[in-house]
Amino acid sequence: MSQNFSNHKRYVAGYHYVLLPALLALLIGSIVNLVKSDCSNFYSASLICFMSVVLVFITFYARSFALIAQNRVIRAEENMRHYIMTGKALPSDLRMSQILALRFASDEEFLSLIERALREKLSAKDIKQAIQNWRGDYHRV
């Protein structure tokens, strides 16, 4: 299936529909367990709650670190694409969100969309909606 503006967001079922709701349920359940605990099991309920919070942080940071690495790769790829087309680096005024959106633009509209993004201060969503010939990114998760 080819990508376009309406279907380019990617969801991984195991992560988005299983792991995240399970973590939320674990966190809520551990907080309820801690609140309802008495002196005899307060320590173990506290540890379970603490481990739940730690798991939430691990999940959040693992995802954010992976996205940061992917963003750096995308910026390098788009900078190289711009350099091949113009002999110059990407304009430094472009925001990272704009560069991430521009990766979906075909080569034919890439340069004009960069100029328009800078001139009109387009958001990532505006850039994506302006793309006529979508260039899919099937690798980013």
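What you see is a predicted model, and the numbers here were worked out from it, not measured in a lab. (Residues numbered from 1 in each chain as written. Predicted model: local features only at pLDDT ≥ 70, side-chain atom pairs only at ≥ 80, totals over all residues. Heavy atoms only, no water.)

So, a nonpolar patch on the surface
Next, step 1: A cluster of nonpolar side chains, contributed by Leu26, Ile48, Phe50, Met51, Val54, Leu55 and Ile58, occupies part of the molecular surface with about 610 Å² of accessible area.
Next, step 2: For the nonpolar patch, the element with the most residues is helix H2 (residues 42–86), which contributes six residues.
Next, step 3: For Met51, the position within the fold is in helix H2. (Patch = residues over 30% accessible without salt bridge, like charges linked within 9 Å, V, L, I, M, F, W, Y side chains within 5 Å. Areas by Shrake-Rupley, 256 points an atom, 1.4 Å probe, with all protein chains shown as cover. Salt bridge = Lys/Arg side-chain N within 4 Å of Asp/Glu carboxyl O. Helix = DSSP H or I, 4+ residues; strand = E, 2+ residues; numbered from the N terminus.)

Here we look at H2
Next, step 1: Given a rise of 1.5 Å per residue, 45 residues ought to cover 66 Å, and the 65 Å separating the end C-alpha atoms of H2 matches this to within 8%.
Next, step 2: All buried positions along H2 are accounted for by Ala45, Cys49, Ser52, Thr59, Ser64, Asn71, Ile74, Glu78, Arg81 and His82.
Next, step 3: Elements in contact with the buried residues of H2: helix H1 (13–36), helix H3 (96–102) and helix H4 (107–120).
Next, step 4: Gly87, located one to two residues past H2, shows a positive phi value of around 80 degrees. (Expected span 1.5 Å × (residues − 1). Buried < 20%, exposed > 50% of the residue type's maximum accessible area, 1.4 Å probe, protein only. Contact = heavy atoms within 4.5 Å.)

Structural notes on the pattern of salt bridges
Next, step 1: Under the criterion given, the structure shown has five salt bridges.
Next, step 2: For Glu78, the salt bridge is made with Arg81, and the minimal N-O distance between the two is 2.9 Å. Taken as a pair, Glu78 and Arg81 lie in helix H2 at a separation of three residues, close to a single helical turn.
Next, step 3: Its relative accessible area of 2% is what places Glu78 among the buried residues.
Next, step 4: For Arg81, a relative accessible area of 10% translates into the label buried.

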